[in-house]
Amino acid sequence: MKRLLLATLAVATLTGAMAANAQSDEIRSRMIRFGYGLNEDSNQGRAAKLFADEVAKASGGKLKVRTFGAASLGSDDQMQNALIGGAQEMMVGSTATLVGITEEMAVWDTPFLFDSEQQADAVLDSEVGRKIMDKLEEKGLVGLVYWENGFRNMTNNVRPIEKVDDFSGIKLRVMPNPVFLETFKLLGANAVPLPFSELFTALETKAVDGQENPYNTVLSSKFYEVQKYLTVTNHVYSPWIVTASKRWWDSLSEAERDILMAAAKKARDAEREDTRAEAARALAALKEQGMQVNELSPEVTAQLREKAQPAIQSVIDRVGQDLFQEVEAELKKAAQ
Ligand code: TK8
(Lines give C-alpha, C1' and ligand atoms only; values in the text may rest on other atoms or scores of the structure.)
Protein backbone atom coordinates (compact mmCIF):
# COMPACT_ATOMS: atom_id res chain seq x y z
CA MET A 1 0.00 0.00 0.00
CA LYS A 2 2.75 2.34 1.04
CA ARG A 3 4.69 1.47 -2.07
CA LEU A 4 1.70 2.13 -4.30
CA LEU A 5 1.18 5.51 -2.67
CA LEU A 6 4.82 6.43 -3.24
CA ALA A 7 4.61 5.34 -6.86
CA THR A 8 1.46 7.41 -7.39
CA LEU A 9 3.12 10.38 -5.77
CA ALA A 10 6.17 10.01 -7.99
CA VAL A 11 4.03 9.98 -11.14
CA ALA A 12 2.05 12.97 -9.92
CA THR A 13 5.24 14.95 -9.22
CA LEU A 14 6.63 14.09 -12.61
CA THR A 15 3.52 15.21 -14.47
CA GLY A 16 3.46 18.37 -12.36
CA ALA A 17 7.03 19.17 -13.25
CA MET A 18 6.36 18.64 -16.93
CA ALA A 19 3.34 20.92 -16.85
CA ALA A 20 5.21 23.70 -15.03
CA ASN A 21 8.16 23.52 -17.38
CA ALA A 22 6.77 24.68 -20.67
CA GLN A 23 8.30 22.79 -23.56
CA SER A 24 11.37 24.60 -24.73
CA ASP A 25 10.01 25.44 -28.17
CA GLU A 26 6.51 26.36 -27.02
CA ILE A 27 5.22 29.90 -27.61
CA ARG A 28 2.05 30.68 -25.71
CA SER A 29 -0.29 33.62 -25.92
CA ARG A 30 0.91 36.12 -23.34
CA MET A 31 0.40 39.74 -22.36
CA ILE A 32 3.54 41.52 -21.24
CA ARG A 33 3.33 44.85 -19.42
CA PHE A 34 6.42 46.93 -20.22
CA GLY A 35 6.73 50.17 -18.22
CA TYR A 36 9.04 53.17 -18.54
CA GLY A 37 9.42 56.65 -17.09
CA LEU A 38 9.79 59.08 -19.99
CA ASN A 39 7.16 60.32 -22.42
CA GLU A 40 6.05 58.21 -25.35
CA ASP A 41 7.70 60.75 -27.63
CA SER A 42 11.23 60.17 -26.36
CA ASN A 43 14.17 57.94 -27.21
CA GLN A 44 12.97 55.62 -24.42
CA GLY A 45 9.40 55.51 -25.74
CA ARG A 46 10.47 54.91 -29.33
CA ALA A 47 12.72 52.03 -28.30
CA ALA A 48 9.99 50.49 -26.14
CA LYS A 49 7.66 50.55 -29.14
CA LEU A 50 10.30 49.02 -31.38
CA PHE A 51 10.80 46.27 -28.80
CA ALA A 52 7.06 45.58 -28.71
CA ASP A 53 6.85 45.45 -32.52
CA GLU A 54 9.83 43.11 -32.76
CA VAL A 55 8.38 40.73 -30.18
CA ALA A 56 5.02 40.67 -31.97
CA LYS A 57 6.70 39.96 -35.30
CA ALA A 58 8.98 37.23 -34.00
CA SER A 59 6.23 35.45 -32.07
CA GLY A 60 3.58 35.63 -34.78
CA GLY A 61 1.54 37.94 -32.56
CA LYS A 62 1.42 35.53 -29.63
CA LEU A 63 3.59 37.57 -27.29
CA LYS A 64 1.90 40.94 -26.92
CA VAL A 65 3.98 43.67 -25.30
CA ARG A 66 1.87 46.55 -24.00
CA THR A 67 3.97 49.61 -23.32
CA PHE A 68 3.17 52.10 -20.54
CA GLY A 69 5.10 55.39 -20.67
CA ALA A 70 5.35 58.51 -18.51
CA ALA A 71 5.64 56.45 -15.33
CA SER A 72 1.96 55.47 -15.65
CA LEU A 73 2.80 52.17 -13.93
CA GLY A 74 4.85 54.04 -11.31
CA SER A 75 8.34 55.42 -10.75
CA ASP A 76 11.40 53.28 -11.53
CA ASP A 77 11.42 52.12 -7.88
CA GLN A 78 7.76 51.18 -7.84
CA MET A 79 8.04 49.26 -11.09
CA GLN A 80 11.12 47.37 -9.88
CA ASN A 81 9.14 46.22 -6.86
CA ALA A 82 6.20 45.22 -9.04
CA LEU A 83 8.58 43.11 -11.15
CA ILE A 84 10.08 41.46 -8.08
CA GLY A 85 6.60 40.63 -6.77
CA GLY A 86 5.45 39.38 -10.17
CA ALA A 87 2.72 42.03 -10.63
CA GLN A 88 4.42 43.45 -13.76
CA GLU A 89 6.52 41.64 -16.36
CA MET A 90 9.05 44.11 -17.78
CA MET A 91 10.43 47.65 -17.65
CA VAL A 92 13.27 49.90 -18.70
CA GLY A 93 14.79 52.44 -16.32
CA SER A 94 18.03 53.85 -14.99
CA THR A 95 20.62 51.53 -13.50
CA ALA A 96 21.06 54.27 -10.88
CA THR A 97 17.65 53.59 -9.37
CA LEU A 98 18.61 49.91 -8.85
CA VAL A 99 21.46 50.58 -6.43
CA GLY A 100 19.19 50.11 -3.40
CA ILE A 101 18.51 46.57 -4.67
CA THR A 102 21.89 45.63 -6.16
CA GLU A 103 24.81 47.71 -4.88
CA GLU A 104 27.12 46.68 -7.72
CA MET A 105 25.04 48.83 -10.10
CA ALA A 106 26.69 51.85 -8.42
CA VAL A 107 29.73 51.27 -10.58
CA TRP A 108 27.93 53.02 -13.48
CA ASP A 109 27.37 56.09 -11.30
CA THR A 110 31.11 56.79 -10.98
CA PRO A 111 31.54 60.42 -12.06
CA PHE A 112 33.44 60.82 -15.34
CA LEU A 113 33.82 57.02 -15.78
CA PHE A 114 33.42 56.98 -19.57
CA ASP A 115 34.93 59.35 -22.12
CA SER A 116 32.73 58.40 -25.05
CA GLU A 117 29.59 56.48 -25.96
CA GLN A 118 31.71 53.89 -27.78
CA GLN A 119 33.65 53.22 -24.60
CA ALA A 120 30.40 52.91 -22.66
CA ASP A 121 29.05 50.37 -25.20
CA ALA A 122 32.23 48.29 -25.01
CA VAL A 123 32.25 48.10 -21.20
CA LEU A 124 28.51 47.70 -20.68
CA ASP A 125 28.30 44.92 -23.27
CA SER A 126 31.40 43.15 -21.92
CA GLU A 127 31.57 40.22 -19.53
CA VAL A 128 31.82 42.47 -16.50
CA GLY A 129 28.76 44.40 -17.67
CA ARG A 130 26.87 41.09 -17.84
CA LYS A 131 28.25 40.00 -14.47
CA ILE A 132 26.86 43.13 -12.79
CA MET A 133 23.53 42.60 -14.54
CA ASP A 134 23.38 38.98 -13.38
CA LYS A 135 23.64 40.11 -9.74
CA LEU A 136 20.01 41.21 -10.08
CA GLU A 137 18.83 37.61 -10.25
CA GLU A 138 19.26 36.88 -6.54
CA LYS A 139 16.96 39.88 -5.94
CA GLY A 140 14.19 38.64 -8.22
CA LEU A 141 15.04 40.56 -11.40
CA VAL A 142 16.54 39.51 -14.72
CA GLY A 143 18.66 42.03 -16.62
CA LEU A 144 18.44 41.71 -20.42
CA VAL A 145 20.45 44.55 -21.98
CA TYR A 146 21.71 48.07 -21.36
CA TRP A 147 20.23 50.87 -23.41
CA GLU A 148 21.61 54.42 -23.57
CA ASN A 149 20.27 57.19 -21.38
CA GLY A 150 23.40 59.23 -22.10
CA PHE A 151 25.85 61.81 -20.80
CA ARG A 152 24.20 64.02 -18.23
CA ASN A 153 24.23 67.81 -18.18
CA MET A 154 23.11 70.42 -15.66
CA THR A 155 20.11 72.68 -15.99
CA ASN A 156 18.92 75.22 -13.44
CA ASN A 157 17.18 78.52 -12.90
CA VAL A 158 19.59 80.31 -10.60
CA ARG A 159 22.67 81.03 -12.72
CA PRO A 160 24.80 79.58 -15.51
CA ILE A 161 27.39 77.22 -14.03
CA GLU A 162 30.72 78.65 -15.13
CA LYS A 163 32.94 77.74 -12.21
CA VAL A 164 32.79 75.20 -9.40
CA ASP A 165 31.50 77.78 -6.90
CA ASP A 166 28.42 78.29 -9.05
CA PHE A 167 26.95 75.00 -7.78
CA SER A 168 26.81 76.51 -4.34
CA GLY A 169 23.34 76.66 -2.84
CA ILE A 170 21.54 75.34 -5.92
CA LYS A 171 18.69 73.10 -4.86
CA LEU A 172 19.32 70.27 -7.27
CA ARG A 173 17.13 67.25 -7.87
CA VAL A 174 19.18 64.06 -8.12
CA MET A 175 18.08 60.49 -8.76
CA PRO A 176 17.34 58.55 -5.57
CA ASN A 177 20.87 57.14 -5.47
CA PRO A 178 23.67 57.51 -2.90
CA VAL A 179 26.48 58.21 -5.39
CA PHE A 180 24.62 61.03 -7.14
CA LEU A 181 23.68 62.48 -3.77
CA GLU A 182 27.29 62.45 -2.62
CA THR A 183 28.75 63.74 -5.89
CA PHE A 184 26.55 66.81 -5.95
CA LYS A 185 27.07 67.50 -2.26
CA LEU A 186 30.81 67.41 -2.94
CA LEU A 187 30.31 69.95 -5.72
CA GLY A 188 28.52 72.21 -3.27
CA ALA A 189 24.94 71.85 -4.49
CA ASN A 190 22.01 71.28 -2.17
CA ALA A 191 21.15 67.82 -3.58
CA VAL A 192 17.61 66.53 -3.12
CA PRO A 193 16.72 62.95 -4.18
CA LEU A 194 13.42 62.73 -6.03
CA PRO A 195 11.86 60.19 -8.43
CA PHE A 196 11.82 61.28 -12.07
CA SER A 197 8.03 61.11 -12.15
CA GLU A 198 7.86 64.07 -9.72
CA LEU A 199 10.54 66.15 -11.37
CA PHE A 200 8.64 68.37 -13.80
CA THR A 201 6.23 69.53 -11.11
CA ALA A 202 9.09 70.09 -8.66
CA LEU A 203 10.81 72.34 -11.21
CA GLU A 204 7.59 74.09 -12.14
CA THR A 205 6.63 74.86 -8.55
CA LYS A 206 10.25 75.81 -7.77
CA ALA A 207 10.51 73.15 -5.08
CA VAL A 208 13.93 72.58 -6.71
CA ASP A 209 16.08 74.94 -8.82
CA GLY A 210 17.64 72.43 -11.15
CA GLN A 211 18.24 68.91 -12.35
CA GLU A 212 20.69 66.96 -14.50
CA ASN A 213 19.86 64.70 -17.44
CA PRO A 214 20.91 64.12 -21.06
CA TYR A 215 19.82 66.70 -23.68
CA ASN A 216 17.31 64.19 -25.04
CA THR A 217 15.40 64.11 -21.77
CA VAL A 218 15.55 67.89 -21.25
CA LEU A 219 13.85 68.09 -24.64
CA SER A 220 11.36 65.19 -24.47
CA SER A 221 10.27 66.06 -20.92
CA LYS A 222 9.96 69.76 -21.84
CA PHE A 223 12.23 70.86 -19.03
CA TYR A 224 13.13 73.86 -21.23
CA GLU A 225 9.72 75.26 -20.30
CA VAL A 226 10.74 75.51 -16.66
CA GLN A 227 14.57 75.79 -16.81
CA LYS A 228 16.63 78.71 -18.04
CA TYR A 229 20.32 77.67 -17.96
CA LEU A 230 21.92 74.58 -19.42
CA THR A 231 25.56 73.85 -18.71
CA VAL A 232 27.41 71.21 -20.70
CA THR A 233 29.03 69.23 -17.87
CA ASN A 234 28.95 65.62 -19.17
CA HIS A 235 29.63 64.67 -15.54
CA VAL A 236 28.49 61.06 -15.88
CA TYR A 237 27.20 58.59 -18.49
CA SER A 238 23.91 57.05 -17.50
CA PRO A 239 22.79 53.63 -18.79
CA TRP A 240 19.25 52.37 -18.90
CA ILE A 241 18.63 48.70 -18.28
CA VAL A 242 15.83 46.49 -19.57
CA THR A 243 14.67 44.15 -16.80
CA ALA A 244 12.13 41.38 -16.38
CA SER A 245 10.44 39.86 -13.34
CA LYS A 246 12.46 36.74 -12.51
CA ARG A 247 9.41 34.96 -11.20
CA TRP A 248 7.72 35.48 -14.56
CA TRP A 249 10.86 34.92 -16.68
CA ASP A 250 11.37 31.51 -15.06
CA SER A 251 7.90 30.46 -16.20
CA LEU A 252 8.70 31.16 -19.87
CA SER A 253 9.83 28.60 -22.42
CA GLU A 254 13.27 28.84 -23.95
CA ALA A 255 11.79 29.93 -27.26
CA GLU A 256 9.88 32.76 -25.58
CA ARG A 257 12.97 33.96 -23.73
CA ASP A 258 15.00 33.88 -26.92
CA ILE A 259 12.46 36.05 -28.72
CA LEU A 260 12.45 38.62 -25.91
CA MET A 261 16.23 38.69 -25.65
CA ALA A 262 16.75 39.07 -29.40
CA ALA A 263 14.18 41.89 -29.53
CA ALA A 264 15.77 43.66 -26.55
CA LYS A 265 19.14 43.57 -28.33
CA LYS A 266 17.69 44.79 -31.59
CA ALA A 267 15.95 47.62 -29.78
CA ARG A 268 19.21 48.39 -27.94
CA ASP A 269 21.16 48.87 -31.15
CA ALA A 270 18.45 51.03 -32.70
CA GLU A 271 17.99 52.97 -29.46
CA ARG A 272 21.66 53.86 -29.16
CA GLU A 273 21.69 55.09 -32.73
CA ASP A 274 18.48 57.07 -32.28
CA THR A 275 19.68 58.57 -28.95
CA ARG A 276 22.96 59.76 -30.44
CA ALA A 277 21.33 61.25 -33.51
CA GLU A 278 18.77 63.02 -31.34
CA ALA A 279 21.38 64.29 -28.86
CA ALA A 280 23.24 65.92 -31.73
CA ARG A 281 20.12 67.86 -32.70
CA ALA A 282 18.74 68.44 -29.23
CA LEU A 283 21.13 71.14 -28.09
CA ALA A 284 20.18 73.39 -31.01
CA ALA A 285 16.51 72.68 -30.33
CA LEU A 286 16.93 73.63 -26.67
CA LYS A 287 18.61 76.91 -27.65
CA GLU A 288 15.73 77.60 -30.00
CA GLN A 289 13.38 77.06 -27.08
CA GLY A 290 15.21 79.86 -25.29
CA MET A 291 17.59 78.01 -23.01
CA GLN A 292 20.86 79.78 -22.32
CA VAL A 293 23.63 77.24 -22.98
CA ASN A 294 27.23 77.43 -21.82
CA GLU A 295 30.22 75.10 -21.92
CA LEU A 296 32.89 74.62 -19.28
CA SER A 297 36.55 75.38 -19.80
CA PRO A 298 38.88 72.35 -19.52
CA GLU A 299 40.26 73.87 -16.28
CA VAL A 300 36.85 73.98 -14.64
CA THR A 301 36.08 70.43 -15.81
CA ALA A 302 39.35 69.30 -14.22
CA GLN A 303 38.33 71.01 -10.97
CA LEU A 304 34.95 69.26 -11.04
CA ARG A 305 36.68 65.89 -11.47
CA GLU A 306 38.95 66.70 -8.57
CA LYS A 307 36.10 67.75 -6.28
CA ALA A 308 34.07 64.63 -7.15
CA GLN A 309 37.04 62.33 -6.49
CA PRO A 310 35.88 61.12 -3.02
CA ALA A 311 32.67 59.80 -4.62
CA ILE A 312 34.81 57.35 -6.61
CA GLN A 313 36.22 55.92 -3.39
CA SER A 314 32.73 55.39 -2.02
CA VAL A 315 31.73 53.57 -5.23
CA ILE A 316 34.74 51.29 -4.68
CA ASP A 317 33.72 50.69 -1.05
CA ARG A 318 30.24 49.81 -2.23
CA VAL A 319 31.02 47.52 -5.17
CA GLY A 320 34.35 46.10 -3.99
CA GLN A 321 37.89 46.74 -5.22
CA ASP A 322 37.97 43.60 -7.40
CA LEU A 323 34.86 44.42 -9.40
CA PHE A 324 35.94 48.03 -9.81
CA GLN A 325 39.29 46.86 -11.18
CA GLU A 326 37.55 44.55 -13.63
CA VAL A 327 35.62 47.53 -14.95
CA GLU A 328 38.81 49.58 -15.16
CA ALA A 329 40.56 46.79 -17.09
CA GLU A 330 37.68 46.70 -19.57
CA LEU A 331 37.82 50.50 -19.85
CA LYS A 332 41.49 50.32 -20.74
CA LYS A 333 40.82 47.72 -23.41
CA ALA A 334 38.08 49.90 -24.86
CA ALA A 335 40.33 52.96 -24.93
CA GLN A 336 42.97 51.17 -27.03
C1 TK8 B 1 13.34 57.53 -16.24
C2 TK8 B 1 14.57 57.88 -15.40
C3 TK8 B 1 15.43 58.93 -16.08
C4 TK8 B 1 16.67 59.27 -15.27
C5 TK8 B 1 16.33 60.19 -14.10
O6 TK8 B 1 12.48 56.75 -15.52
O7 TK8 B 1 15.64 59.75 -13.19
O8 TK8 B 1 16.77 61.35 -14.10
O9 TK8 B 1 17.64 59.88 -16.06
O10 TK8 B 1 15.82 58.46 -17.33
O11 TK8 B 1 15.29 56.70 -15.16
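Residues numbered from 1 in each chain as written. Predicted model: local features only at pLDDT ≥ 70, side-chain atom pairs only at ≥ 80, totals over all residues. Heavy atoms only, no water.

## Quick word on the confidence of the model for the chain
Heads up, the rule is: Along the chain, pLDDT gives the predictor's confidence residue by residue, from 0 to 100. The numbering of helices and of strands both runs from the N terminus, where a helix is a DSSP run of H or I of at least 4 residues and a strand a run of E of at least 2.
Per-residue pLDDT for the chain averages 95, and the proportion of residues at 70 or more is 93%. Within the chain, helix 1 (residues 2-20) has the poorest average pLDDT of any element, 49, and strand 3 (residues 90-94) the best, 99.

## Some points on the site of the ligand
Note the cut-off: A single heavy atom is enough: if one lies within 4 Å of a molecule or strand, its residue is considered near that molecule or strand. We define a polar contact as two N or O atoms separated by no more than 3.5 Å, with the added condition that, inside protein, one atom must be a possible hydrogen donor and the other a possible acceptor, whereas residues neighbouring each other in sequence contribute only through side-chain atom pairs. In these tables, accessible area is a Shrake-Rupley quantity obtained with a 1.4 Å probe, and a residue counts as shielded only by the protein chains included in the view. Cavities and pockets are defined on a 1 Å grid built over the protein atoms alone: a cavity is a set of grid points where a 1.4 Å probe fits but cannot escape, while a pocket is an open set with protein on both sides within 12 Å along at least five of seven lines, and lining residues are those with an atom within 4 Å of any such point. To decide whether a molecule occupies a pocket or cavity, check its atoms: if more than half lie within 2 Å of the grid points, it is inside. Polar here means any residue outside two lists: the nonpolar Ala, Val, Leu, Ile, Met, Phe, Trp, Tyr, Cys and Pro, and the charged Asp, Glu, Lys and Arg; Gly therefore counts as polar.
The ligand sits among G37, L38, D76, S94, N149, R152, R173, M175, F196, N213 and W240. At a separation of 3.0 Å, an oxygen atom of the ligand approaches a polar side-chain atom of R152. R173 is positioned such that a nitrogen or oxygen atom in its side chain is 2.8 Å from an oxygen atom of the ligand. Coverage of the ligand by the protein amounts to 99% of the 310 Å² it exposes when considered alone. Placement of the ligand is best described as lying within the largest cavity. Looking at the shell around the ligand residue by residue, the classes come out as 4 nonpolar, 4 polar and 3 charged.

## Focus on empty space enclosed by the protein
To keep things clear, this is the line we draw: Grid points are joined across faces, edges and corners, and a volume is the space filled by probe spheres set on the points.
Counted according to the given criterion, the structure contains 3 cavities of 30 Å³ or more. Taken as a whole, the largest cavity holds about 200 Å³ of empty space. Along the walls of the largest cavity sit 19 residues, with D76, S94, R173, M175 and F196 positioned nearest its centre. When its residues are assigned to classes, the lining of the largest cavity shows 6 nonpolar, 9 polar and 4 charged. For the second largest cavity, the calculated volume is near 50 Å³.

## Side note on the pattern of salt bridges
Selection rule: Definition used for salt bridges: Asp or Glu carboxyl oxygen within 4 Å of a side-chain nitrogen of Lys or Arg. The cut-offs for exposure are 20% and 50% of the maximum accessible area for each residue type, with area from a 1.4 Å probe on protein chains only; residues under the lower value are buried, those over the upper are exposed, and the others partly exposed.
By the definition in use, this model includes 23 salt bridges. For R28, the salt bridge goes to E26, with nearest N and O atoms at 3.2 Å. Put simply, E212 and R152 hold a salt bridge, and the shortest N to O gap is 2.8 Å. Residue E212 is located in strand 8 (residues 210-213), and its partner R152 is located in the loop between strand 4 (141-151) and strand 5 (153-156); the two are separated by 60 residues in the primary sequence. R152 shares its class with E212; the two are buried. Beyond isolated ion pairs, a larger network of salt bridges with shared partners links D121, D125, E148, R268, D269, R272 and R276.

## Here we look at the side chain of R268
Using the following cut-off: Only heavy atoms matter for contacts: two residues are in contact if any of them lie within 4.5 Å across the pair.
Position of R268 relative to the elements: it lies in helix 10 (residues 254-288). Leaving out residues up to four positions away in the same chain, R268 has contacts with D125, V145, Y146 and W147.

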